[in-house]
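Chain by chain, the residues run as shown.
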Amino acid sequence: GCIPCRAIMSEPILKRLAPSEIPVIRRDPVDPKARDVASAIVEAVKARGMEAVREYAEKFGEVAPGEDLIIGKAALEKAWSSLDKDTQKMLVRTVHRVRRFAVAQKEALSEARLDIPGGAV
C-alpha cells in the first residue's frame, strides 16, 4: 500500500479501555411520552375492542370514517387482478424471498447461556 496508508495503519485506531473507564449509560429505549400515548391506545382497545380500533384508525388517517377495517377477499382479488403481470410476479417473488429469510432467521435462533465471571447469567 501507499506510504501514508502504512503510517495511518501503524497508529492505534481505538484506545484500549479498562472496564471502569466505560461510562454506564442507562436510558429508556422508548420515549416516555410515546409509551403513555401507546398505553392509552392499548387500554382503549382492551376496553372497547373494535370501536376503539376504528376510532384510532380514523384519527391517524389509516381508514376513512365508515370505511371497512378489514379488506375482504373480493376486494383483495380485484386489487390483485388490477396489477400488471410484471408487478404480480415481483410481489410473488418478494413474498417467497421474505418467507425464506424468515424461516432461516427463525431456525438460526437458539437459547444461549454463557457464564460471565463477575456478571449475571
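Throughout this document, residue positions are counted from 1 along each chain, in the order its sequence is written. Under the rules for a predicted model, residues below a pLDDT of 70 receive no local features and side-chain atom pairs below 80 are neither given nor counted, while totals for whole chains, interfaces and linings still include all residues. Based on all heavy atoms of the structure, the side-chain values leave hydrogens and waters out of the count.

**Comments concerning the overall build of the chain**
So, step 1. Helix and strand labels come from DSSP, where a helix needs a run of H or I of at least four residues and a strand needs a run of E of at least two; each type is numbered from the N terminus. Counting secondary structure elements, the chain contains five helices and zero strands.
So, step 2. Scanning the chain from its N terminus toward the C terminus, one meets helices and strands in the order α-α-α-α-α.
So, step 3. A burial count over the chain gives 6% of its 121 residues as buried.
So, step 4. Any pair of residues with heavy atoms lying within 4.5 Å of one another is described as a contacting pair. Put simply, of all contacts in the chain between residues at least 6 apart along the chain, 0% involve residues at least 24 apart.
So, step 5. Computed with a 1.4 Å probe, the accessible areas rest on the Shrake-Rupley method; for each residue, only the protein chains presented here act as cover. Total accessible area on the chain is roughly 11,600 Å²; 61% of this is exposed by carbon and sulfur atoms. Between buried and exposed lies partly exposed: a residue is buried under 20% and exposed over 50% of the maximum accessible area for its type, with that area taken using a 1.4 Å probe on protein chains only.

**Remarks on a positive patch on the surface**
So, step 1. The grouping of Lys85, Lys89, Arg93 and Arg97 at the surface amounts to a positive patch.
So, step 2. Structurally, Lys89 is set in helix H5 (residues 85-108).
So, step 3. Since its relative accessible area comes to 53%, Lys89 is described here as exposed. Within the patch definition used here, like charges are joined within 9 Å and nonpolar side chains (Val, Leu, Ile, Met, Phe, Trp, Tyr) within 5 Å, considering only residues with over 30% relative accessible area and no salt bridge. By definition here, a salt bridge exists when the distance from a side-chain nitrogen of Lys or Arg to a carboxyl oxygen of Asp or Glu is within 4 Å. When charges are counted, Lys and Arg contribute as positive and Asp and Glu as negative, whereas His and the chain ends are disregarded. For this purpose, a charge sits on NZ of Lys, CZ of Arg, CG of Asp or CD of Glu.

**Quick word on the pattern of salt bridges**
So, step 1. All chains considered together, the criterion is met by five salt bridges.
So, step 2. Arg35 serves as the salt-bridge partner of Asp28, at 2.7 Å between the closest nitrogen and oxygen.
So, step 3. Given the relative accessible area of 42%, Asp28 is considered partly exposed.
So, step 4. When salt bridges with common partners are traced through the structure, they connect Arg48, Glu51 and Glu55 into a single cluster.

**Description of the packing of helix H2 (residues 32-48) against helix H3 (residues 50-59)**
So, step 1. Here an axis means a line fitted to C-alpha atoms, over the contact stretch when the element is a helix, while the angle between two N-to-C directions is reported on a 0 to 180 degree scale. One can describe the packing of H2 onto H3 by two numbers: an axis separation of 6 Å at closest approach and a directional angle of 140°. The angle between H2 and H3 falls in the class oblique. Here Ala40, Ile41, Ala44, Val45 and Arg48 of H2 lie close against H3, whose contacting residues are Met50, Glu51, Ala52, Val53, Glu55 and Tyr56. When describing relative orientation, an angle under 35 degrees is termed roughly parallel and one over 145 degrees roughly antiparallel, while 65 to 115 degrees is termed roughly perpendicular and anything else oblique.

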